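If you want the building blocks of each chain, they are given just below.
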Amino acid sequence: MLANRILRDDAFDDAVMHLCAHIPAIFKRERRLVRAFGDFGAFAAVMCAAGLGASHGMPFTLAAVQAVVVPPGWISSRRIRALIDWLELENAAQRHPPRGDNRERPWSLDGWLPVAIEALARTYLTAASPWETAPAADRPQDTVIETGMLIDGVSWFLRHARELPPPSDEMRMFLGHAPGFPLLLDLLLAAGTDARDTAGCEFSRKAAARAYGTSRAHVTALLARAERAHILRRNGSRITLNGLAWQNLRHDLAYQLAFVALWAEIVRTSRSPPPPDAPESLSGRNASSNPE
């Protein structure tokens, strides 16, 4: 299956390092992203809105977003309302005249947020490009079209999340706390291609806190939570990742790259949603398979 093939590919380490170098850099350049979608709940809400057309200036409603992201328990309706109000204050969302119920008020994303979303999408498209089957000449030359396709894919992913294999416990832990995912990628970048090195790697909590606009105490608490979950071990300023956790995280990243590559192929060849067996096609996981 594709994710397992990606794991065994010599190009995989380079793809991981590409993600590790560029995803955190986008968050550090635009630190408001930490609040906008630094944890999975906020990410799901914003990307659902973007997938409804908001990234292209088209309207969406809070009711439509809530219908996707609230039932799984990713985020509460109250937090979605607070998030959209904050995005409006930060010139990243624009409200339009209501059509009665305020939940049906049209909104659109605007300003720096769609720009950041497109930058993140381009980073994933570049990282996944070694496993795209379409010749480069057949790929869209307009990057806006290409990133728009991937944003639509993430929206599909969110709507079908219950049918898809869940991420590892290690990935869920980092996704659950802002800025967990970019911080995890920082750790992987510091560790290099072999994060299981028993000597560990130097990691500055102070520098990470400054880079993401948060407190050192917050970064320390996140690392302590990861240590209690046996994901890593701290020794002063050095951090060592648990070997099994490292394998699970690599499988999660391979799955993400497989999704990007397969979605691009599906859209370019059929212009239709993924087939019913897409979950297995994407990951190679089923009831009897475990991450390698």
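Data block above holds the structure.
### Observations regarding the sheet that holds strand β1 (residues 60-61)
The antiparallel open sheet is built from 3 strands, whose spatial order is β1-β3-β2. For this open sheet the edge positions go to β1 and β2 (93-95), each flanked by a neighbour on one side alone. Taken together, the 2 bridges between β1 and strand β3 (residues 106-109) define a ladder with antiparallel strand orientation. When the sheet's bridge partners are listed, F60 is paired in β3 with W107.

### Quick word on the pattern of salt bridges
A complete count under the given rule lists 10 salt bridges for this structure. The closest approach of N and O atoms between D85 and R95, which form a salt bridge, is 3.9 Å. In this pair, D85 sits in helix α6 (residues 77-89) while R95 sits in strand β2, placing the two residues 10 residues apart along the sequence. Two residues, E202 and R238, come together in a salt bridge whose shortest N-O distance is 3.1 Å. Residue E202 is found in strand β4 (residues 201-202), and its partner R238 is found in strand β6 (residues 238-241); the two are separated by 36 residues along the sequence. For E202, a relative accessible area of 47% gives the class partly exposed. Take R238: its relative accessible area is 28%, and that puts it in the partly exposed class.

### A few points about the sheet that holds strand β5 (residues 232-235)
The strand order across the open sheet built from 3 strands is β4-β6-β5, with neighbouring strands paired in antiparallel fashion. The sheet terminates laterally at β4 and β5, the two strands that pair on one side only. Pairing of β5 with β6, which is carried by 4 bridges, proceeds in the antiparallel orientation. For R234, the partnering residue across the bridge sits in β6 and is I239. Across the face of the sheet, helix α12 (residues 216-228) comes into contact with β5 and β6 while running at roughly 125 degrees to β5.

### As for the pairing of β6
In this structure, β4 lies alongside β6, joined through 2 bridges in antiparallel fashion. Its bridge partner being in β6, E202 is matched across the sheet by R238. The hairpin turn running from β5 into β6, its antiparallel successor, is 2 residues long, and G236 in that turn takes a positive phi close to 70 degrees.

### Quick word on empty space enclosed by the protein
In this structure the tally under the stated criterion is 1 cavity of 30 Å³ or more. Counted as a void, the largest cavity has a volume near 90 Å³. Around the largest cavity, the lining residues are A45, V46, A49, F60, L62, V65, I80, L83, I84, L87 and L109. Where the lining of the largest cavity is concerned, the elements lending two or more residues are α4 (40-51), α5 (62-69) and α6. Looking at which element gives the most residues to the lining of the largest cavity, the answer is α6, with 4 residues. Tallied by class, the residues present in the lining of the largest cavity amount to 11 nonpolar, no polar and no charged.

The rules we used
Residues numbered from 1 in each chain as written. Predicted model: local features only at pLDDT ≥ 70, side-chain atom pairs only at ≥ 80, totals over all residues. Heavy atoms only, no water. Pairing = 2+ DSSP bridges. Helix = DSSP H or I, 4+ residues; strand = E, 2+ residues; numbered from the N terminus. Salt bridge = Lys/Arg side-chain N within 4 Å of Asp/Glu carboxyl O. Buried < 20%, exposed > 50% of the residue type's maximum accessible area, 1.4 Å probe, protein only. Contact = heavy atoms within 4.5 Å. Axes fitted to C-alpha atoms, helices over the stretch in contact; angles between N-to-C directions. 1 Å grid on protein atoms, 1.4 Å probe; cavity = no way out; pocket = protein on both sides within 12 Å on 5 of 7 lines; lining within 4 Å. Points joined across faces, edges and corners; volume = space filled by probe spheres on them. Nonpolar A, V, L, I, M, F, W, Y, C, P; charged D, E, K, R; others polar.

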